[in-house]
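Residue-level structural notes
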There are 2 protein chains.
Amino acid sequence: VGFVAEESALTDGNCTRDSSVEKFEIVFPGLPHKHCFVQYGRGLFERAAEFASSLVSGRARAVIVSDETIASYYGERLLSNLNKCNLSTELIIFPPGESNKTWETLGAVLRGLVEAKVGRDGFLIALGGGVTGDIGGLAAALHCRGIDWMQLPTTTLAMADSALGGKTAVNLAGGKNLAGAFHQPAAVFADLDTLATLPLRHFRAGLAEVVKTAVMLDGELFSQLESSPLELLEQDNSRLERALLACARLKAGVVTRDEREAGERALLNAGHTIGHALEAAASGLLLHGEAVAVGLVLECRLAEWITGFPPAGTQRMINLLQAIGLPTIPPEGIDAGRLAGLLGLDKKARRGMVRFALPADIGKPHVSGREYTSPVEIDKVMSLLGRMF
Amino acid sequence: VGFVAEESALTDGNCTRDSSVEKFEIVFPGLPHKHCFVQYGRGLFERAAEFASSLVSGRARAVIVSDETIASYYGERLLSNLNKCNLSTELIIFPPGESNKTWETLGAVLRGLVEAKVGRDGFLIALGGGVTGDIGGLAAALHCRGIDWMQLPTTTLAMADSALGGKTAVNLAGGKNLAGAFHQPAAVFADLDTLATLPLRHFRAGLAEVVKTAVMLDGELFSQLESSPLELLEQDNSRLERALLACARLKAGVVTRDEREAGERALLNAGHTIGHALEAAASGLLLHGEAVAVGLVLECRLAEWITGFPPAGTQRMINLLQAIGLPTIPPEGIDAGRLAGLLGLDKKARRGMVRFALPADIGKPHVSGREYTSPVEIDKVMSLLGRMF
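Residues numbered from 1 in each chain as written. Chains lettered and ligands numbered in written order. Predicted model: local features only at pLDDT ≥ 70, side-chain atom pairs only at ≥ 80, totals over all residues. Heavy atoms only, no water.

**Description of the packing of aromatic side chains**
Residue and element names in this part refer to chain A. Rules: Geometry of aromatic contacts follows a simple scheme: Phe, Tyr and Trp rings, the Trp one being its six-membered ring, pair when their centres are within 6.5 Å, and the pair is stacked under 30 degrees between planes, edge-to-face over 60, tilted otherwise. Only DSSP runs of H or I covering at least 4 residues are called helices, and only runs of E covering at least 2 are called strands; the numbering of each starts at the N terminus. Whether a residue is buried, partly exposed or exposed follows from its accessible area with a 1.4 Å probe, protein chains only, as a fraction of its type maximum: under 20%, in between, or over 50%, in that order. Charge over a ring is defined by NZ of Lys or CZ of Arg lying within 6 Å of the ring centre and within 35 degrees of the ring normal.
Overall, the coordinates contain 11 aromatic pairs over all chains when judged by the stated rule. Taken together, a centroid distance of 5.9 Å and an interplanar angle of 70° make the contact between Phe45 and Tyr74 edge-to-face. Of this pair, Phe45 sits in helix H1 (residues 45-55) while Tyr74 sits in helix H2 (residues 68-84), and the two are 29 residues apart along the sequence. The pair Phe45 / Tyr74 is uniform in exposure class, with both members buried. Three or more aromatic residues joined by ring pairs form one cluster here, namely Phe37, Phe51 and Phe189. Here the guanidinium or amino end of Arg77 rests over the ring plane of Phe45, the centre of that ring lying 4.4 Å away.

**Describing helix H10 (residues 288-306) of chain A**
All names here are of chain A. Selection criterion: In this scheme, a helix's expected span is set at 1.5 Å multiplied by one less than its residue total.
Between its terminal C-alpha atoms H10 stretches 25 Å, which fits the 27 Å expected from 19 residues at 1.5 Å a residue. Counting buried positions along H10 yields 15 of 19 residues, so the element is predominantly enclosed. Looking one or two residues past H10, Gly308 carries a phi angle of roughly 75°, positive in sign.

**Here we look at H1 of chain A**
All names here are of chain A. Where we set the bar: Our arc is simply the arc of the directions from the helix axis toward the C-beta atoms. Two residues form a contact once any of their heavy atoms are found within 4.5 Å.
Among the residues making up H1, those that are buried are Phe45, Ala48, Ala49 and Ala52. Taken end-on, H1 shows its buried residues confined to a sector of 100°, consistent with a single buried face. Facing away from the buried side of H1, by more than 90 degrees, are the exposed residues Glu46 and Ser54. Contacts made by the buried residues of H1 are with H2, strand E6 (123-128), strand E7 (148-153) and strand E10 (187-191).

**Focus: the relation of the copies chain A and chain B**
What relates the two chain copies is a rotation about an axis together with a slide along it. Note the cut-off: We place the copies in one frame by least squares, fitting the C-alpha atoms of every residue whose pLDDT is at least 70 in both.
For these two chains of identical sequence, chain A goes onto chain B by a turn of 180° and a shift of 0.0 Å along the axis, with RMSD 0.0 Å. Both chain copies can therefore be described as sitting about a two-fold axis. When the interface residues of chain A are mapped onto chain B, 100% of them again fall at the interface, so both copies present the same face.

**Here we look at the interface of chain A and chain B**
Quick reminder of the rule: The quantity reported as buried area is the accessible area (1.4 Å probe) lost by two parts once they are put together, taken as the sum for both. Salt bridge, as used here, is a side-chain nitrogen of Lys or Arg placed within 4 Å of a carboxyl oxygen of Asp or Glu. Counted as a polar contact is a pair of N or O atoms within 3.5 Å, where, for protein atoms, one must be capable of donating a hydrogen and the other of accepting one, and residues adjacent in sequence contribute only when both atoms are in side chains.
Listed per partner, the contact involves 33 residues of chain A and 33 residues of chain B. Summing both sides of the interface, chain A and chain B together bury roughly 3,300 Å²; the carbon and sulfur share of this comes to 59%. Where chain A packs against chain B, one counts 2 salt bridges. Among the salt bridges present, the one from Glu261 of chain B reaches Arg120 of chain A, with a minimum N-O distance of 3.4 Å. Seen at the junction of chain A and chain B, the total is 9 residue pairs in polar contact (both at pLDDT 80 or more).

**Points about the packing of helix H3 (residues 103-115) of chain B against helix H4 (residues 130-142) of chain B**
Residue and element names in this part refer to chain B. Under the convention used in this document: Inter-axis angles, ranging from 0 to 180 degrees, are taken between N-to-C directions of lines fitted to C-alpha atoms, where helices are fitted over the stretch in contact. Any angle between 65 and 115 degrees counts as roughly perpendicular, while under 35 counts as roughly parallel, over 145 as roughly antiparallel, and the rest as oblique. Left-handed describes a crossing whose near helix is turned anticlockwise from the far helix through less than a right angle; right-handed describes the clockwise counterpart. Under the grouping applied here, Gly and all other residues not named as nonpolar or charged are polar, the nonpolar ones being Ala, Val, Leu, Ile, Met, Phe, Trp, Tyr, Cys and Pro and the charged ones Asp, Glu, Lys and Arg.
Between H3 and H4, the shortest axis-to-axis distance is 10 Å and the interhelical angle comes to 55°. Comparing their axes, H4 and H3 come out oblique. Handedness of the H3/H4 crossing: right-handed. When H3 is examined against H4, the residues Thr105, Leu106, Val109, Leu110 and Leu113 are found in contact with a partner set consisting of Ile135, Leu138, Ala139 and Leu142. Of the residues contributing to the contact of H3 with H4, the split by class is 8 nonpolar, 1 polar and no charged.

From the geometry alone we can't say anything about function, so treat these as descriptive.
In structure tokens:
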């Protein structure tokens, strides 16, 4: 353990700070008993197991939910840590990948919880990346109408973004994340050592969420990323650690103020409106983070038109994403008509209009009054995008 | 419209009372914007449609979720009422019955919501009995991570109990209601005219929930039920109307004080712990309410042993249920071992112990300190029940 985070990363009053800077707590005001203990560091499995065991009463039962790949790397070790803490735990695994984030997989995980005899007092540990957090978290939300859970993110994407904030979901045939719930985890333990097994393509893709957070909320972070983007790709580099923790703290601040995305939280959807549609249109060709990278570029172009975002900012965005090794233009063969149809299915869409979270400048979101998103007609989006395809 | 409810039925300060006594509002303290408008009466479809339309902004879309039977009776009429109010609505139907309250049916309803292009600002109307409320409510909880919804109960069971309080769930292979959520409806419109199409067996079964509410919370209501039980079976009888409304008001008071079943709400599970296990063990032979009726008798016996419930009370319970035409002993051929196993799967079970909500006397629950349920070893339950099989 033990890396020093930027002292300036956390300014929100609702997040209390531990003397050891890699830990903090998210407190949801108005929701009593809703705390989320967060720790970023190395070699954290033992601590995570102790924490889980301390939360669970007496002889209640727990499960680890994980995909086959991550379970093969870390499943046995975590099980052994939990058993040492006298937490009776079983492992529920499912096939890896976004294509398995389905209603059917979720049903199988829920049956697994019943078979493992996990009761209302039971506990669920999601060990893995964004897909695992989404499936595990939604299973925890639904099992016995809600049990406690924690996340052990093992990807850059999950550590920078998805592990915090309690959004859970699975995909339906009609679109991404269409069935879900808000269900806050009791804790997030991000063990940076687990990034050692993350394939480079996934490692890069997750960094798109870091870039997203920076462009919307932290211009200084964006500049730091620009100054040495290749260091972000070294899993044991302190610059990567600081960037991930900065994103976690920034996100914690946002979700503390707006858990249910009534306003500010929508800012974190930057790059995702076009990104989700592209991800679906590309039918598995693009990883989520890769689609978000392209979405960030296209939405920066949209922002030039709508919020006065500087064209030089779009160029900085393109340069940074390319330096990380992420795509900045849609893959060939994406059908524009299909993309337009998918944009209309966006959860934020309303009858021909779709809402975008856009930057006003690098590190500064466009906010108009209490509106954190800008409505744009899908036809106009497509005519703008048409020039870039 | 227009029947006069007992003035004494509502004493809780959190329920505000309309000048017309068949309406009231459930307010959840600590949950801002969480109000549930409740109305019991006749010929309410038009009002319900107006209410739904007033809740939904601009051109947002709505769906009615209903089973094939209820949809064939009332679907077109309600659709027409909603269209008159300019609420663009589609009908999503599924096959009727508890055996269809499955993960698969819920998945199909969610796909229907996507196909109907219902957005985050959309609305769902559950038209039917307990199964429809459970499926429709859980679909509303999950679609886009939660949309607004209302219930139009059409059964005695739903009007007396399940339509209020926001519990939603589907069954999994391992047991009843194992996957679910708390998701409060924005309104409940109980149109007593719809009881005209309810088959007598279902009509009777739902009255078990009336008896349950009375034995736990209202001794005077229990006496009224005893005084003329046959009038409860007349769908246009004012005694039935008063009994259903009394249950709704009593339940509203309980869920106002304890939405998430941290304590008091567990009292409403009387008869259901054994009832759920019996229902599953009987594999479709018993309706939910019939299983609850048998469960109430068996749990009264348990209460004699544990809370000092008077044996004469158990006899009154048996007489009342028999007068209504409900079963009071388990059907033949129920396997005791299977029943014990199913009791162990109860959501309230903890490693060999299961918790029961028991009466101390007719109309009076057993509450010990802040404990609203009593833990009993499953083996002891089975040895007691063994004598009654």
